[in-house]
Amino acid sequence: IKPFESFAKEHLEKGRTIVYVSLDQKILGAFAFEHEVRAGTKEMLEGLVERGVKHLVLLSGDEEKVANAFAQEYGFNEVYANVMPEGKADVIDALKTKYQNVVMVGDGINDTIAMSRADVAISFASGGSEAAIEISNIAITKSDPMDILNLYDLSQKSLHVISQNYWLGTGTNLAGVGLAGLGLLSPIAAGAIHIGHTVGIMANSSRLAFKK
C-alpha cells in the first residue's frame, strides 16, 4: 500500500476511513470514506451535557485518528478506538465501576454485547440492526437523535409525577386513617376519599401524555 501512503495519511488526518482495493495481491487503489452522522447529533450531545450528563464516551471500531477526530468535533470526554465487540463490553463494565448509571446508545450488531452490560440500552429502530433493537431497553422509533433528549426529559418528568402521586396517595390515606380513628369518617366518606385520590392520581399522570 506504499504508493497510497500519502493519500491515506491526508484523509486519516481529516477523520476519514481508508479502504484499499486489490486484485490478485496487486493494489489497485484506495477509497476515503467520511462517516454520515445523523442530523441533530451534536445538538443532542450538547443537550445531554446541559441536562447534567457527566461523561460522554465514544466506543468505536474505527481507526484511532478517525475516532479522535469525530470525538473532538462532537465533544466526547473519552474515546476508545479500534475496539472489538468484547472490548466495548469491557469498557462498559469499567465505566459502571466509576459512574452510578451507564447508558449506551447503539444500533449495530457490534454494539449488542456492550448494550447488554449497560444499565440502560437505547437503540434506533429505523436503520439499526435487529440484534441491537432486540437487546435494547428502549428503541427510538424515528431514529432522530433529538428524541434522546425528549426521552431524557420525559423520564425526569415521569419520576417527578411518580413522586407526586406517591405523596398524594399516601397523604390522603393517612388523613383517612386519622379521621377514621377519631370517629369522624363514615364508610361512605372513606370511599369518596379513596375515589377522589385515585382520580387525582390518574389526572396528574395524564399530564405526561401532553409532554413533548
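Everything below is about the structure printed above this text.
A quick note: this is a predicted structure, and the numbers were derived from the prediction, not measured.

Enquirer: I tried to follow the overall build of the protein chain on my own but got confused; where do I start?
Expert: Counting its regular elements, the protein chain contains eight helices and seven strands. Against the 2.2 N^0.38 benchmark of 17 Å for 212 residues, the protein chain shows a C-alpha radius of gyration of 26 Å, more extended than a compact globule. Dimensions along the principal axes, computed over C-alpha positions, put the protein chain at roughly 95 × 35 × 30 Å. Taken over 212 residues, the protein chain has a buried fraction of 29%. A separation threshold of at least 6 residues defines the contact pool for the protein chain, and within that pool the share at least 24 residues apart is 39%. Accessible area for the protein chain stands at about 13600 Å²; split by element, carbon and sulfur atoms hold 57% of it.

Enquirer: Explain a nonpolar patch on the surface to me, please; I cannot follow it from the model alone.
Expert: A cluster of nonpolar side chains, namely Val19, Val21, Leu23, Leu28, Phe31 and Phe33, defines an oily patch on the protein surface of about 550 Å² accessible area. At the level of elements, β1 (17-23) and β2 (26-33) are the ones that each hand at least two residues to the nonpolar patch. Assignment of secondary structure puts Val19 in strand β1. Judged by its relative accessible area of 37%, Val19 is partly exposed.

Enquirer: Which parts of the structure should I look at to understand the pairing of β2?
Expert: Along any regular strand, the residues point their side chains to alternate faces of the sheet. Across seven bridges, the pairing between β1 and β2 is antiparallel. Its bridge partner being in β2, Val21 is matched across the sheet by Gly29. Counted between consecutive antiparallel strands, the loop separating β1 from β2 contains two residues, among which Asp24 sits at a positive phi close to 55 degrees.

Enquirer: When you look at the sheet that holds strand β6 (residues 120-124) in this model, what are you seeing that I'm missing?
Expert: Within a beta sheet, neighbouring strands are joined by backbone hydrogen bonds and run either parallel or antiparallel to one another. A sheet is described by the order of its strands in space; here three strands give the open sequence β5-β6-β7, paired in parallel fashion. The two strands at the open ends of the sheet, each matched to only one other strand, are β5 (103-105) and β7 (138-140). Shown here is a sheet whose adjacent strand axes are inclined to one another by a mean of 20 degrees, direction ignored. In terms of strand pairing, β5 meets β6 through three bridges, oriented parallel. Its bridge partner lying in β6, Val105 is registered against Ile122.

What counts, and where the lines are drawn
Residues numbered from 1 in each chain as written. Predicted model: local features only at pLDDT ≥ 70, side-chain atom pairs only at ≥ 80, totals over all residues. Heavy atoms only, no water. Helix = DSSP H or I, 4+ residues; strand = E, 2+ residues; numbered from the N terminus. Rg over C-alpha atoms; globule rule 2.2 N^0.38 Å. Buried < 20%, exposed > 50% of the residue type's maximum accessible area, 1.4 Å probe, protein only. Contact = heavy atoms within 4.5 Å. Areas by Shrake-Rupley, 256 points an atom, 1.4 Å probe, with all protein chains shown as cover. Patch = residues over 30% accessible without salt bridge, like charges linked within 9 Å, V, L, I, M, F, W, Y side chains within 5 Å. Salt bridge = Lys/Arg side-chain N within 4 Å of Asp/Glu carboxyl O. Pairing = 2+ DSSP bridges. Axes fitted to C-alpha atoms, helices over the stretch in contact; angles between N-to-C directions.

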